[in-house]
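Next come the chains, spelled out residue by residue.
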Amino acid sequence: MLRFLTAGESHGPCLTAIVEGLPAGLAVDTEAINRELARRQSGYGRGGRMDIERDKAEILGGVISRHTTGAPVALRIANLDWSNWRDRWAGEDLPPLTVPRPGHADYAGMVKYDLRDARPVLERASARETACRVAVGALAKQLLAHFDVTVGSYVTDIGGVPAKIPRLSPQELWAQAESSDVRCPDVDAAKRMREAIDSARSDGDSLGGVFVVTATGVPVGLGSHVQWDRRLDARLTAAIMSIPAVKGVEIGPAFDNSRRRGTQVHDAFHPNGKGGITRRTNRAGGIEGGMTNGMPVTVRVALKPIPTTVAPQSSVDLTSGEPAQTQYQRSDVCVVPAASVIGEAMIAWVLAAALVEKLGGDSLAEMAR
Ligand SMILES: Cc1cc2nc3c(=O)[nH]c(=O)nc-3n(C[C@H](O)[C@H](O)[C@H](O)COP(=O)(O)O)c2cc1C
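About the criteria used
Residues numbered from 1 in each chain as written. Predicted model: local features only at pLDDT ≥ 70, side-chain atom pairs only at ≥ 80, totals over all residues. Heavy atoms only, no water. Buried < 20%, exposed > 50% of the residue type's maximum accessible area, 1.4 Å probe, protein only. Helix = DSSP H or I, 4+ residues; strand = E, 2+ residues; numbered from the N terminus. Pairing = 2+ DSSP bridges. Near = heavy atom within 4 Å. Polar contact = N/O pair within 3.5 Å; in protein donor to acceptor, adjacent residues only side chain to side chain. Areas by Shrake-Rupley, 256 points an atom, 1.4 Å probe, with all protein chains shown as cover. Nonpolar A, V, L, I, M, F, W, Y, C, P; charged D, E, K, R; others polar. Axes fitted to C-alpha atoms, helices over the stretch in contact; angles between N-to-C directions. Contact = heavy atoms within 4.5 Å. Left-handed = near helix turned anticlockwise from the far one by under 90°.

### Focus on the pairing of strand β7 (residues 150-158)
β7 sits mainly inside the fold: 8 of its 9 residues count as buried. In this sheet, strand β9 (residues 209-216) lies alongside β7 in antiparallel orientation, the contact comprising 8 bridges. Across the sheet, V151 pairs through a bridge with A215, a residue of β9. Looking at chain direction, β7 and strand β8 (residues 161-162) are connected through 2 bridges and run antiparallel. What sits directly across from I158, in β8, is V161. The antiparallel pairing of β7 with β8 creates a hairpin that spans 2 residues between the two strands, and G159 there sits at a positive phi of about 55°.

### A few points about the site of the ligand
Every one of the 17 residues lining the ligand counts as a neighbour, but K247, K304, T308, S331 and D332 are closest to it. At 2.9 Å, a side-chain N or O of D332 approaches a nitrogen atom of the ligand. For the ligand, whose unbound accessible area comes to 620 Å², protein coverage reaches 87%. Its residues assigned to classes, the shell around the ligand shows 9 nonpolar, 4 polar and 4 charged.

### Let's talk about the sheet that holds strand β2 (residues 14-20)
As summarised here, the arrangement of the 4 strands in space is β1-β2-β6-β3, forming an open sheet in which the pairing is antiparallel. Two strands close off the open sheet at either side, each with one partner strand: β1 (3-7) and β3 (57-61). Each neighbouring strand pair of the sheet contributes to a mean axis angle of 20°, computed without reference to strand direction. One ladder, built from 6 bridges, connects β2 with strand β6 (residues 73-78); its direction is antiparallel. Residue V19 lies in a different strand from β6, and its bridge partner there is V73. Packed onto the sheet, helix α6 (residues 130-145) meets β1, β2 and β6 and runs at close to 35° relative to β2.

### Considerations on the packing of helix α9 (residues 232-241) against helix α12 (residues 336-359)
Running from amino to carboxyl end, α9 crosses α12 at an angle of 145°, the nearest separation of the two axes being 9 Å. By crossing handedness, the relation of α9 to α12 is classed as right-handed. Residues L232, R235, L236, A239 and I240 of α9 touch α12, and the partners they reach there are G343, M346, I347, V350, L351, A353, A354 and E357.

### Some thoughts on the sheet that holds β9
Note on sheets: strands pair through backbone hydrogen bonds, and any given pair is parallel or antiparallel. Spatially, β8-β7-β9-β15-β10 is the arrangement adopted by the 5 strands of the open sheet, whose pairing is antiparallel. With one partner strand each, in any of the chains shown, β8 and β10 (246-251) form the two edges of the open sheet. Relative to strand β15 (residues 297-303), β9 runs antiparallel, the two being bridged by 7 bridges. When the bridges of β15 are listed, G209 appears paired with L303.

Structure below.
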């Protein structure tokens, strides 16, 4: 069984992950992990924090001579911003944050954990934690590569600016997204997305959007129809929904499918001339009955505009009970390009876990056999 946990605060010394269940004998490419971390850090619309951080993964356990041993893999990503917080963190001069930001975890977290200060909540609710997930997802991608499974993403909407996505293979779309700072394959739309981000920034506002994650080369039969918690679509969508600010997810064009008749939606089978089947469409998004069906797995994800805005929003000071305005904390303006990289990591993780379950084996060689 593959599983992982993360620990660490946004402005604490570091983030930590422990990954359990990777087969022994997997070559670990730390530079490839760091490239994924750099992809998450980039993207038009990020805030000042990303100018401070230079995320690098340090492997602390479970890897000897650059290969997994079968023991838990421990990794750490330093927060360079920690040097600006270390003294205040230890002392008493961190003023309490008593005005919760609508849309953030502040209010519910303060009530739930009986806190007068939102800081402990926002320190852990912060999407800084997703740096760890991208590192863990990079390990999953390295495992999936042995089975010819590849995961990529692109952005289709930012702040209500839609892209026209050309009819290209997923690999071609990913390549175009990689050369765009909003990760959008439509160059004209990308320009308008940047303008929308600039406009939101100058108004002190924030923007959401939509991205698509696709996995190719996925074998038939990951997941299962036999039990609710083994359905792979349920596991994929839960993993995606766990990304901060994600509020919607569909497998394939699910909402468009809901407006059509069945005969326009279901992907017809045709003989492939070798005794098997082929399909000309993939409106199921690669999953039927909670199992992968051999077509690319396609997940479309909606992100809300992030909660922290320079422009104040109406709130209440929970100490006095009086009306108050939110106070600006350093923040991003738009994180949709970064979120698409995190989305890749989460999809890679769930597919790797399902592959380990299906194939079994304590070593990569045993899995391959
Ligand atoms: C990559 C990334 C960066 C984010 N950066 C910020 C930020 O700078 N400011 C902010 O208010 N929210 C940011 N968010 C969103 C919040 O973390 C999120 O809205 C908050 O934790 C509440 O969770 P929820 O939106 O899932 O309900 C970011 C999200 C992601 C994916």
